Amino acid sequence: MDKLTYFSGSPFARMCRVMVIEWDLPVEPVEYAFPPGPDMFAINPLGQVPALIRGDGKTIFPTFLVLEALWKMAGRPSTYDADRDRQVLMTILQMTDAYVAACYQRWTGLGPVNRNAIGYDLAARHLDRVNSTLNWLETAGSVTPGVTLPGVALACLCLWADARDGLDWRRYPGLAIVVQDLDQRDSFAQTTPRVWRYE
Ligand SMILES: N[C@@H](CCC(=O)N[C@@H](CS)C(=O)NCC(=O)O)C(=O)O
């Protein structure tokens, strides 16, 4: 059976775990400890979860390709159309990268170590990207309610932010409906991250 690597807290892996449950796919989620050890690089050269390890030995990553592989495995449900939805899904994933990078910078205690030759605060710039993207998604109405890949990806980011650091996504009413509806689902209850707080 295919295996899906994950950490309890990973929003990227949660997107995939939710879809495995929603689409009732024959994929076994395998939990790893966080922070990952060097062995994680043997699975994914980026040292990250999620990765989908296929029965034939091929390993799929990053998250975007795992989600599309799961979608194909599910028989290409019409809730995702690669031509129509790819840009939105990919942008949500990149926004999640930016948000995670902003959080990790703080959680690893990183501050200035040299003259700032670019001139902006890197964590603040990442948060600007996140807020600009949330605004773009809300304005375009590009994430619709229901179990869609962009909706699930967005919900995993927003709920991870609630569980970890806070992000004011509720001020976008269209996005809030999507996220709050998905949060009621059993697939989200089964994949809730364990509590962790930065002190
Ligand atoms: N861009 C990557 C992001 C994946 C990612 O950031 N995974 C995190 C967990 S949320 C991780 O494995 N972090 C461990 C590390 O980077 O050392 C993707 O789309 O798969």
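All values reported here derive from a predicted model rather than from experimental measurement. (Residues numbered from 1 in each chain as written. Predicted model: local features only at pLDDT ≥ 70, side-chain atom pairs only at ≥ 80, totals over all residues. Heavy atoms only, no water.)

A.B. asks: Tell me about the domain arrangement of the chain, residues and numbers included.
C.D. replies: Domain boundaries assigned for the chain yield domain 1 (2-73) and domain 2 (82-189). Put simply, the middle of domain 1 and the middle of domain 2, counted by C-alpha atoms, are 20 Å apart. Taken together, the contact pairs 16 residues of domain 1 with 20 residues of domain 2. Roughly 1,800 Å² is buried in total at the junction of domain 1 and domain 2, and carbon and sulfur atoms are behind 74% of that figure. The interface formed by domain 1 and domain 2 contains two salt bridges. Note that Glu68 is salt-bridged to Arg86, the shortest N-O span being 2.8 Å. Seen at the junction of domain 1 and domain 2, the total is five residue pairs in polar contact (both at pLDDT 80 or more). The set of elements that each furnish at least two residues to the side of domain 1 that touches domain 2 consists of α1 (11-22) and α3 (63-73). When residues of the side of domain 1 that touches domain 2 are assigned to their parent elements, the largest contribution, eight residues, is made by α1. (Domains from an automatic or database assignment. Contact = heavy atoms within 4.5 Å. Buried area = accessible area lost by both parts, 1.4 Å probe. Salt bridge = Lys/Arg side-chain N within 4 Å of Asp/Glu carboxyl O. Polar contact = N/O pair within 3.5 Å; in protein donor to acceptor, adjacent residues only side chain to side chain. Helix = DSSP H or I, 4+ residues; strand = E, 2+ residues; numbered from the N terminus.)

A.B. asks: Explain the pattern of salt bridges to me, and be specific about the residues and the numbers.
C.D. replies: Applying the stated criterion to the full structure yields eight salt bridges. We note a salt bridge from Arg194 to Glu31, for which the minimum N-O separation is 2.5 Å. Separated by 163 residues along the polypeptide, Arg194 in the segment after α8 (186-189) and Glu31 in strand β2 (residues 27-31) bring together distant segments of the chain. Of the residues examined, Glu31 reaches a relative accessible area of 37% and is grouped as partly exposed. The shortest N-O distance in the salt bridge between Asp85 and Arg84 comes to 2.9 Å. Given a relative accessible area of 9%, Asp85 falls into the buried group. A relative accessible area of 52% places Arg84 in the exposed class. (Buried < 20%, exposed > 50% of the residue type's maximum accessible area, 1.4 Å probe, protein only.)

A.B. asks: So what's going on with the packing of aromatic side chains? Residues and values would help.
C.D. replies: Counted according to the given criterion, the structure contains six aromatic pairs. Ring plane angle 65° and centroid distance 5.2 Å describe the contact between Phe7 and Phe34, whose orientation is recorded as edge-to-face. Separated by 27 residues along the polypeptide, Phe7 in the loop between β1 (2-6) and α1 and Phe34 in the loop between β2 and α2 (40-43) bring together distant segments of the chain. What makes Phe7 buried here is its relative accessible area of 9%. Judged by centre distance (5.9 Å) and plane angle (85°), the ring pair of Tyr99 and Trp160 falls under edge-to-face. You can see Tyr99 sitting in helix α4 (residues 82-107) and its partner Trp160 sitting in helix α6 (residues 149-164), a full 61 residues away along the chain. What makes Trp160 buried here is its relative accessible area of 4%. The ring of Tyr6 has Arg17 lying over it, and the distance from NZ or CZ to the ring centre is 3.9 Å. (Phe/Tyr/Trp six-rings, centres within 6.5 Å; stacked < 30°, edge-to-face > 60°. Lys NZ or Arg CZ within 6 Å of the ring centre and 35° of its normal.)

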